[in-house]
Structure formats: structure tokens, C-alpha cells
Amino acid sequence: DVKIPPPADHILGATGQLQNPDEVLTGEQRNRLKKARQSTEDPVLIVTPKEARQNEKRGTDETKTWHFKAQNVRDFAFASSRKFIWDAMGVPLGDDTVMAVSYYPKEGNPLWERYSTRSVAHTLKVYSKYTFDYPYHKAISVHTDRIGMEYPMICFNGGRPEPDGTYSRRTKYGLISVIIHEVGHNFFPMIVNSDERQWTWMDEGLNTFVQYLAEQEWEPGYPSRRGPAYKIVDYMRSEPEDMMPIMTNSESILQFGNNAYGKPATALNILRETVMGRELFDMAFKTYAQRWKFKHPTPADFFRTMEDASATDLDWFFRGWFYTTQHVDIALTDVRRYKLSSKDPDKVKPRQRQEADKDFIGDLRNDTALAGQRYSDAHPEVLDFYNRVDPYTVLEVDREQYERYRNKLSDEEKKLIEEDYNFYEVDFENQGGLVMPIILKFTFQDGSTVIKRAPAQIWLKNEQAFTKVYAFEKELKQIELDPFRETADTDRDDNYWPPQAEPTRFELYQRRRSRPNRMQQAGE
């Protein structure tokens, strides 16, 4: 329950419900707010840029007292300025409509009027879909020059265009991402009220994960910094002394961003995409959020809920990703090809002849050097039946023996022989410590492909190595391990059969202070 008396020409936003709009807002502003609540597609200006420009020139010695109340909040913040442009829109969530709000000066445009409130609304929709309907009546984004910081119902976000109104690609997406992230903190840890000073990953990591989901629902190919498995690989390659487990007290973490933001977000993404599947993961994650809303969960509560809700044993995953500094490096170490012998002499003998007919260099040279000079040339009487008859000729007795053998086979065994499968015995080795599901892409000689997956439980009997047999009618050309870069494998050079090395890109560059502003360069 807060009362704040700024100068009378200020616009003020804060945590909580405004109790005295009739005293601090004009009739026109109140009407515009009602219109904004009904506008669910586009923001409505409550204070226009023109009005804000006029307002910042005036100044006054008078004050107005703004009165706010809120329940179930763990902190409070406010922003006040005579420079503020103010816009808002309604966000239907469940049976209620929440207000997405932005305050920003003219220096924020055109970026802020184009993206801020829309980003707030988008965040509320996506986060609510994966957790619970946003329970507060509003969410505010306030312009800053460069920071990002969160409080209940209100956050402060950096991102400012050049004085000429142009901006770089990085500035644009940096603004959208920081708004998603800071508004998302309403869910973690403002509502799912974890102790971020003890377990930073429980708010930053979980929030970064859902931020990634929201970014990907913004537009195709959104350039997310964190979330995909392949983007954590460089960190996972770090030397052991440069890393600490995720389950490390916040004040003792090394590489804070990677440890508390990137790695947990990646772990959850792998859990969702590769280990559990989207549907099961989303149900369990939503259960966690709803079960611990307005409560104080610990890491064990998160781990337990994900297992309890999904009925899935995830101990091995949480232990490896959260309690160790091991990494994923699964190697495809050897492949052997076998053909199942049908014992059909009409098939086996020709194949044996083909193998026998392959030329050996010594035989070729002897045929030339010893022509007419061998003992049998001078004494043909030593030649008998075995010299006259082709050893690979199929005799009737061979066929009779085959029929007796075939009659002992089951229908399934007969079918297996007749289809003439190629069997590939593939060896895998865990060189990084973390076990992961096995995802293989098989490419055949005719160019066709097939994907085969095996769950992480395939390592249960031996976490260091195992061998698995794959059967195909077609002959293989190539095998690729982790073809979709979904397990954060740190060394992909050993992910191929036949072996091949992935190209490494070397760049010579000079670090520049300014980032390229393509909009400005193009004269837009």
C-alpha cells in the first residue's frame, strides 16, 4: 500500500493497482485507458508523443499523490517522469483481461512504440500458456538506456535507437528479448517464488528457457542467444577449473551467464525436445508452475515435480546436468557390416566365387613367370577330380542339404533370410561423461535417409560404451550421430562413419566499439 507524491506534471507507473485515477489522470487519459483495455491487437496511446514533448518543457512546483495497492507481491518499484509517452493494450487471459503497458521518452522511438507493448503482451500470452494465467492486472515495461531489471508488475528495459531513429539488428532483437526476459520474471521468481540468491538458476535458468519459447513464437528464425543445445557447446568444452555445477551458490558461480542462464535453459530444452518429448515435458513443467505458484520451491521441488507429474525417472539427467561439470561427447567408434548367410548354395556359391576371383598380385606375377614351367605342366597325371571340377559348382546334394536346413526354420526366420538384410554393428563410447539419447541419421547408397532414436536408458548397463545392431535392406553409405545438434555434443568430428572432420572456421577480426547499423547504412 504505497503513496508517492511526484511533481504534478509527471506520469507515474508502479507495482500495484492505481487507487485514485480520478485524482491523477485527466478525463481524456481515463477514456484512452478504457479504450486500450478493449484493444487486444494494437497499443493505444494514453499520452501521445506530442503531449509528452509539450509536457517536458513546462515544469511545476505542484505535486499529485499516486496511490497503489497490491497483494501477493514480494517487492515494489516505480518509475516517474514528465517525459513519458504512455501506451497500453489489453491481453485476454482466461476470464480476465490484463493490461500490457509501456512508458518511454521520445528518445526511445521508433523502437519503443513499435515493439515494447507488443512484446509485453506476447510474453504474457506465451508464458501463461506454459505455466498459468498471469494473475496480476498489468505488466509494465519502462525505457532505460541500457539495463534490464525486474520487479512485480514492472520492469526496466534497455534498448535505444540512434539519434536519427535508425537502429541495428542487434539493438532491435536485444530490446524484444530483454522485455520478454524481464516481464517473464513475473512468473519466475515473482510468483513461483524461488530463492534466487541461493539458487540463481531457478529463476534465471527457468525464465531463460521460457524466454526462448516466447522468442521462437515471435517470428520464424528469431536469433535467440540461449536455449538451443548447440549454443552451449563452447561453454561445455571449458576446462574443469573454469566451470562449476549449476547447483552452486549464486555468490560462488564462475561464468555467471553460462552457468545460471544458458546451461539450465539448454538442459530444459534438451529435456523437452530429446528426452521427454514436448507434450509430456510441457505438462510436467506446467504442473510445477501451478503447484508452486505463490510458494517457495527449492531445487528438489522442481526435480521431484517434473518426475512426479510425468511418471518418468529423470534422476540420471538432473544429476548429470545440474550436479556435475561433465559434458556430452559421444563417439561413434566403429562400424562392422554383416550379411546373414541363407546357406542357399545357389546364392552362397556365386558369392564365394566372386570373392575367390579377386586377383592377388603374387598370382598374377606367377601366371606370367611360371607359364608352362609348373610341375603339373610336365606331369598332367597329377591332376584329378578337384582340378577338373569348379569348387563353386552347385551340386544336387548341396540343394538337398539346404532344403533339410530350411525345413527346420520358422516362418519368421525364413522371411529374414529371404529379405537379405544388411546388419551393421555400431560401437558407441561415452567420452564426455553425460549420457544422452542416441540419435542417428542413416544415409543409404541410393541417397535415401532414415532417423533412428534410442533413449538414454540404453546406457544403463554400461555408461562408458555399448554396441547396437541395426538391420537394413539397403546398403549404407553414411551414419551421422546427433544430426540435428540436439544433445550439445562437444566434439562432432567423431560423430560420423566413415570418419570425417567437420570444418572449422578461422576468422581474423578487429573488435569494434560500434555495432553495424544496417538500417542506417541503407538509408532507411
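Residues numbered from 1 in each chain as written. Predicted model: local features only at pLDDT ≥ 70, side-chain atom pairs only at ≥ 80, totals over all residues. Heavy atoms only, no water.

### Quick notes on the overall build of the protein
Check the secondary structure of the protein and you find 19 helices and 18 strands. Here the C-alpha radius of gyration of the protein, 34 Å, is well above what a compact globule of 524 residues would show, namely 24 Å. In terms of overall dimensions, the protein has a C-alpha envelope of 130 × 55 × 45 Å along the principal axes. Looking at the protein as a whole, 46% of its 524 residues qualify as buried. Within the protein, contacts between residues at least 6 apart in sequence are counted, and of these 73% link residues at least 24 apart. Summed over all atoms, the accessible surface of the protein reaches about 28,300 Å², with 47% contributed by carbon and sulfur. Separation between the mean location of the 73 positive side-chain charges and that of the 83 negative ones in the protein comes to 7 Å. (Helix = DSSP H or I, 4+ residues; strand = E, 2+ residues; numbered from the N terminus. Rg over C-alpha atoms; globule rule 2.2 N^0.38 Å. Buried < 20%, exposed > 50% of the residue type's maximum accessible area, 1.4 Å probe, protein only. Contact = heavy atoms within 4.5 Å. Areas by Shrake-Rupley, 256 points an atom, 1.4 Å probe, with all protein chains shown as cover. Lys, Arg positive; Asp, Glu negative; His and termini not counted. Charge placed at Lys NZ, Arg CZ, Asp CG, Glu CD.)

### Observations regarding the packing of aromatic side chains
Geometrically, a pair of aromatic rings is defined through the distance of the ring centres and the angle of the planes. All chains considered together, the criterion is met by 39 aromatic pairs. Just above the ring of Phe132 sits the side chain of Lys293; from NZ or CZ to the centre is 5.2 Å. One cation-aromatic arrangement involves Arg485 over Tyr230; the distance from NZ or CZ to the ring centre is 4.0 Å. (Phe/Tyr/Trp six-rings, centres within 6.5 Å; stacked < 30°, edge-to-face > 60°. Lys NZ or Arg CZ within 6 Å of the ring centre and 35° of its normal.)

### Some thoughts on the environment of Val73
Relative to the assigned elements, Val73 resides in the loop between strand 5 (66-69) and strand 6 (78-81). Distance from Val73 to Ile191, taken between C-alpha atoms, is 7.8 Å for residues 118 residues apart in sequence. Residues in contact with Val73, not counting those within four places in the same chain, are Thr15, Tyr136, Pro152 and Met153.

### Here's the deal with the sheet that holds strand 13 (residues 422-430)
Backbone-to-backbone hydrogen bonds pair the strands of a sheet. The strands run either parallel or antiparallel. Here we have 3 strands laid out as an open sheet, ordered 12-13-16, and antiparallel in their pairing. Looking at strand neighbours, the two that pair on one side only are strand 12 (330-339) and strand 16 (465-472), the edges of this open sheet. When strand polarity is set aside, the average angle formed by the axes of neighbouring strands in this sheet is 20 degrees. Pairing between strand 12 and strand 13: 9 bridges, direction antiparallel. Note on strand 13: the bridge partner recorded for Lys339 is Asn422. (Pairing = 2+ DSSP bridges. Axes fitted to C-alpha atoms, helices over the stretch in contact; angles between N-to-C directions.)

### Comments concerning the side chain of Ser177
Inspection of the secondary structure assignment puts Ser177 in helix 5 (residues 169-184). Under the relative-accessibility criterion, Ser177 is labelled buried at 14%. In this structure Ser177 touches Gln211, Glu215 and Tyr222, once residues within four positions along its chain are discounted.

### Comments concerning unusual backbone geometry
Following Phe188, the chain continues to Pro189 via a peptide bond in cis, the omega torsion being 15 degrees. Residue placement: Pro189 occurs in helix 6 (residues 186-191). Residue Trp497 is joined to Pro498 through a cis peptide bond whose omega torsion reads -10 degrees. In this structure, Pro498 sits in the loop between strand 18 (496-497) and helix 19 (518-521). With a phi angle near 60 degrees, Phe294 is a residue other than glycine that sits in the positive phi range. As for its position among the elements, Phe294 is in the loop between helix 10 (278-291) and helix 11 (299-310).

### Considering a nonpolar patch on the surface
Taken together, the side chains of Phe360, Ile361 and Leu364 present a nonpolar region at the surface, about 290 Å² in accessible area. Among the structural elements, Leu364 can be located in helix 14 (residues 361-369). Classification of Leu364 as partly exposed rests on a relative accessible area of 41%. (Patch = residues over 30% accessible without salt bridge, like charges linked within 9 Å, V, L, I, M, F, W, Y side chains within 5 Å. Salt bridge = Lys/Arg side-chain N within 4 Å of Asp/Glu carboxyl O.)

### A few points about the nonpolar core
Membership of the largest hydrophobic core comes to 121 residues, with the highest contact counts inside it found for Leu124, Phe285, Phe302, Met306, Trp321, Phe428 and Ile438. Here the element with the most residues in this core is helix 4 (residues 111-130); it accounts for 9 residues. Apart from residues lying up to four places away in sequence, Ile438 is in contact with Ile330, Phe428, Lys452, Arg453, Ala454, Ile458, Trp459, Phe466, Tyr470 and Leu481. (Core = buried A, V, L, I, M, F, W, Y, C linked by side-chain atoms within 4.5 Å.)

### Section: the pattern of salt bridges
All chains considered together, the criterion is met by 29 salt bridges. With its nearest N and O atoms 3.0 Å apart, the salt bridge here joins Lys106 to Glu56. Taken together, the positions of Lys106 in the loop between strand 8 (96-104) and helix 4 and Glu56 in helix 3 (residues 49-56) put the pair 50 residues apart, joining distant regions of the chain. For the salt bridge of Arg278 with Glu273, the shortest nitrogen-to-oxygen distance reads 2.8 Å.

### Regarding helix 9 (residues 256-276)
Along helix 9, the largest kink reaches about 35 degrees and is centred on Gly262; proline Pro264 follows within four residues of it. The buried fraction of helix 9 is high, at 16 of 21 residues. One or two positions beyond helix 9, positive phi appears at Gly277, with a value near 95 degrees. (Bend = angle between axes of the 7 residues up to and from the residue.)

### Structural notes on the side chain of Lys263
Checked against the element boundaries, Lys263 lands in helix 9. In this structure the side chain of Lys263 is engaged in a polar contact, spanning 3.4 Å, whose partner is the backbone oxygen of Thr324. With sequence-adjacent residues up to four places away left out, Lys263 is seen in contact with Ile232, Tyr235, Met236, Met243, Ile246, Asn258, Trp321, Thr324 and Thr325. (Polar contact = N/O pair within 3.5 Å; in protein donor to acceptor, adjacent residues only side chain to side chain.)

Purely geometric stuff here, so don't read any function into it on its own.
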